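# Coordinate analysis (summary)
Letter by letter, the chains look like this.
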Protein chains: 2
Amino acid sequence: MSGPRAIGLGLCTVDMLFVVDERPAFDTTMRASQYLRQGGGPTPTALVALARLGAAASFYGKVGDDPDGDFIRAELEAEGVDTSPCVVVPGALSRVALVLVEAASGERGFTTRPESCADLSPAEIDRETITAADYLHLDDADPGCMQAARWAREAGRPIVYDGTWLHEDLDEFLDLIDFPIVSEPLVRKWMPDATPQQVVDRLGDHGAQIAVYTLGARGAVARWQHGTFHYPAFPVEVVDTTGAGDAFHGAFTYGLMQHWPVDDILCFASAVAALNCRQLGGRSSLPNLSEVEDFLANERKAWEAGIKKHT
Amino acid sequence: MSGPRAIGLGLCTVDMLFVVDERPAFDTTMRASQYLRQGGGPTPTALVALARLGAAASFYGKVGDDPDGDFIRAELEAEGVDTSPCVVVPGALSRVALVLVEAASGERGFTTRPESCADLSPAEIDRETITAADYLHLDDADPGCMQAARWAREAGRPIVYDGTWLHEDLDEFLDLIDFPIVSEPLVRKWMPDATPQQVVDRLGDHGAQIAVYTLGARGAVARWQHGTFHYPAFPVEVVDTTGAGDAFHGAFTYGLMQHWPVDDILCFASAVAALNCRQLGGRSSLPNLSEVEDFLANERKAWEAGIKKHT
């Protein structure tokens, strides 16, 4: 594949989703209305979004040499995501998560196991592997991501950050980030009383070129060279919001790769996020490029009319 | 592999076991203390028991061509169980089950999905495949198993039946069975007020050579040529009783293959069932032959002293 390539560092899991009417009990047998086993994790799903759109993407993660780790990598490879940078730890267990989805509400409960692979440490990553890619995608401010961000920054590689988890080194980390995209779970802990304007201003103060705060069904607020704007979300029949944020991040990076104007990037990322809510699972309904184009042919005008500039 | 070979028909699943302290809720994240993804189903597990002991075993089951079906077959093949007879249905979904194990009690709750492969129908099975094996193992009295039993009977192949589920054609089916081994879930529905003697007598009236009623930790009652006897269970530190019955059935068939005396077969099968309770999962602690021999070297005398003849 020619064209620019993104590399992403982050957690990866095997998600086992069961859609059920009520909480399972210990002494009964019940039926799930749907079941899906699918790889998860913010960075891998963002990379799958990129690959579906036709961009080159590599995943730099940590798995065990167990069947779950094999599944994670095989599924990514089948999606066209290069997993050759992955660190495979002999004898280690890969991350798995049981996701119980309540049929009526779509609410989700997670059950994970403790003894499993997590972040790559600085000692486990390689500078050349990071800087050989054109874009870097990160999902946390842990020491491994911090090291990767420093190397990418020194090499002039743009960095997209998916900010969901609070980390004590977050402010130091943000100085390295060109494109921070933060979401409500992080902001609730990091700046609990802040307005969206204050959030993107803080990101801007750290040097962000485009600072984005995503608000789910309420759209996104972005601050860039021309000011701060509220962008609406696209209306879509929601089945499962899992992975909507990850889809946004992957599509945002796709837009950067095309050197599109900022409004076009936000429009495209919002569309991909909305389209990814149509089926159960974080990756099931990630669109290809022509699906997004068809969707935007109908929906773009109404969306653009909803953009509001903050004063 | 030389020596006799068993073929087994029955259901197969992928079990996903999570050991948890309490029922999962929809709005929380909790930790499981253990997680295991493992193939399940009575017949496949009995065949793995046989293979671990060194006997040849083939599985005749139905799976989809989905990743779960691939997992079921690959795991059996890795255990040395031949899966070449399996019927792989294009586009179908294989059976999966979420098994939540309560840490304190060991109690289990099952969540399954409805849309998945079940029994082989008579039209899906092949006579030559059944009769080419030396022993037939069945887990139900459904039409496919009934057809297989008729063919095996005509060809003079001994049939071992794992009786757990009640079927309307059970009595007709039992006329074909040399070695019925029934358990409490079946007996509670089939002969709710019967004594163990009455249960094995009814099996004997249908022509059983050895009629066995397994009672979990309370051992087993068997009726054969020399009378009816109560055989004790072996004492063992129980972690999970999943698959104990299946282990018993596989080891029982192993004993038949060796033409051992009936007491020796019951002793061996009871030992393998006990040893299979040492770890989480239906197959995790299935022993090999030397493990059973080592165990029996210490435990056999006490066990034999516990045999009681019914008067």
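Whatever comes next refers back to the structure up there.
For every chain, the first residue of its written sequence is number 1, and the numbers climb from 1 along that sequence. Think of it this way: whatever chain is written first is A, whatever ligand is written first is 1, and the rest follow in order. Note on the predicted model: pLDDT of at least 70 is required for a residue's local features to be given, and 80 or more for side-chain atom pairs to be given and counted; whole-chain, interface and lining totals, by contrast, use all residues. Side-chain numbers come from the whole structure's heavy atoms, not from hydrogens or water.

Screw-axis analysis of chain B against chain A gives a translation of 0.0 Å along the axis, an RMSD of 0.0 Å, and a rotation angle of 180 degrees. This pairing of chains is accounted for by a two-fold axis. Here, residues are in contact when the closest pair of their heavy atoms is within 4.5 Å. Looking at the interface residues of chain B, 100% of them are also at the interface in chain A, so both copies use one shared face. Here the copies were fitted onto each other by least squares, based on C-alpha atoms from residues at pLDDT of at least 70 in both.

Turning to the nonpolar core, a few remarks are in order. Only buried Ala, Val, Leu, Ile, Met, Phe, Trp, Tyr and Cys residues count toward a nonpolar core, and they belong to the same one when joined by side-chain atoms within 4.5 Å. When accessible area is computed with a 1.4 Å probe and restricted to protein chains, residues below 20% of their type maximum are described as buried, those above 50% as exposed, and intermediate ones as partly exposed. One finds Phe18 and Phe252 of chain A together with Phe18 and Phe252 of chain B to be the most contacted residues of the largest nonpolar core, which totals 126 residues. Excluding residues that lie within four positions of it along the chain, Phe252 of chain A makes contacts with Phe179, Ile181, Ile210, Val212, Ile265, Leu266 and Ala269 of chain A.

On to empty space enclosed by the protein, then. Grid spacing is 1 Å over the protein atoms alone, the probe is 1.4 Å, and a cavity is where that probe fits but cannot get out, while a pocket is an open set with protein on both sides within 12 Å along at least five of seven lines and lining residues have an atom within 4 Å of a point. Grid points are joined across faces, edges and corners, and a volume is the space filled by probe spheres set on the points. For the coordinates displayed, the defined rule picks out 2 cavities of 30 Å³ or more. Volume-wise, the largest cavity comes out at about 80 Å³. If you trace the largest cavity, you find 13 residues lining it, with Leu9, Gly10, Asp119, Leu120 and Cys145 of chain A closest to the centre. In this classification, the charged set is Asp, Glu, Lys and Arg, the nonpolar set is Ala, Val, Leu, Ile, Met, Phe, Trp, Tyr, Cys and Pro, and all remaining amino acids, among them Gly, are polar. Partitioned by chemical class, the residues of the lining of the largest cavity number 6 nonpolar, 3 polar and 4 charged. Along its surface, the second largest cavity is lined by Leu9, Gly10, Leu11, Tyr60, Asp119, Leu120, Asp139, Asp142, Gly144 and Cys145 of chain B. Here the residues of the lining of the second largest cavity sort into 5 nonpolar, 2 polar and 3 charged.

Time to look at unusual backbone geometry. Residue and element names in this part refer to chain A. The backbone of His259 sits at a positive phi, close to 55 degrees, despite the residue not being glycine. Examined against the element boundaries, His259 turns out to sit in the loop between helix 8 (244–257) and helix 9 (262–275). Exposure remark for His259: the relative accessible area of 66% places this residue in the exposed category. Per the convention used, a helix needs a DSSP run of H or I reaching at least four residues, while a strand needs a run of E reaching at least two, with both numbered from the N terminus.

Residues and elements named next belong to chain A. Each residue after the first adds 1.5 Å to the expected span of a helix. With 14 residues, helix 9 extends 20 Å between its outermost C-alpha atoms, agreeing within 8% with the 20 Å of an ideal straight helix rising 1.5 Å per residue. Counting buried positions along helix 9 yields 12 of 14 residues, so the element is predominantly enclosed. Within helix 9, burial applies to Val262, Ile265, Leu266, Cys267, Phe268, Ala269, Ser270, Ala271, Val272, Ala273, Ala274 and Leu275. Buried residues along helix 9 sit against helix 1 (42–53), strand 13 (211–214), strand 14 (220–224), strand 15 (227–231), helix 8 and helix 10 (289–305).

All names here are of chain B. A pair of strands is treated as paired once DSSP finds two or more bridges between them. Spatial strand order, 5-1-10-11-12-13-14-15-16: 9 strands in an open sheet with mixed pairing. With one partner strand each, in any of the chains shown, strand 5 (56–60) and strand 16 (308–309) form the two edges of the open sheet. Direction of pairing for strand 1 (residues 5–9) relative to strand 5: parallel, over a ladder of 5 bridges. Each bridged residue has a counterpart across the sheet, and for Arg5 the counterpart in strand 5 is Ala56.

On to the interface of chain B and chain A, then. Tallying the contact residues gives 30 residues for chain B and 30 residues for chain A. Buried area adds together the accessible area that both of two parts lose upon being put together, with accessible area traced by a 1.4 Å probe. Across the chain B to chain A interface the summed buried area is about 3200 Å²; carbon plus sulfur atoms make up 61%. When the area that chain B buries against chain A is broken down by residue, the three leading residues are Arg23, Phe26 and Tyr35 of chain B, summing to 26%. When a carboxyl oxygen of Asp or Glu is within 4 Å of a side-chain nitrogen of Lys or Arg, the pair counts as a salt bridge. Our enumeration of links across chain B and chain A arrives at 0 salt bridges. Between N or O atoms, a polar contact is any pair within 3.5 Å; within protein, one atom must be a potential hydrogen donor and the other a potential acceptor, and residues adjacent in sequence are included only when both atoms are from side chains. Counting across the chain B and chain A interface gives 17 residue pairs in polar contact (both at pLDDT 80 or more). Breaking the side of chain B that touches chain A down by element, the ones donating at least two residues are strand 2 (13–20), strand 3 (29–31), strand 4 (34–40), strand 8 (95–102) and strand 9 (108–112) of chain B. With 3 bridges connecting them, strand 3 (residues 29–31) of chain A and strand 9 of chain B associate as parallel partners. Bridging across to strand 9 of chain B, Thr29 of chain A finds its partner in Phe110 of chain B.

All right, on to the pairing of strand 13 of chain A then. Residue and element names in this part refer to chain A. Here strand 13 shows no split at all, with Ala211 and Tyr213 on one side and Val212 and Thr214 on the other all buried. Relative to strand 13, strand 12 (residues 179–183) runs parallel, the two being bridged by 3 bridges. Following the sheet pairing, Ser183 is matched in strand 13 by Thr214. The pairing of strand 13 with strand 14 spans 4 bridges and is classified as antiparallel. Its bridge partner lying in strand 14, Tyr213 is registered against Val221.

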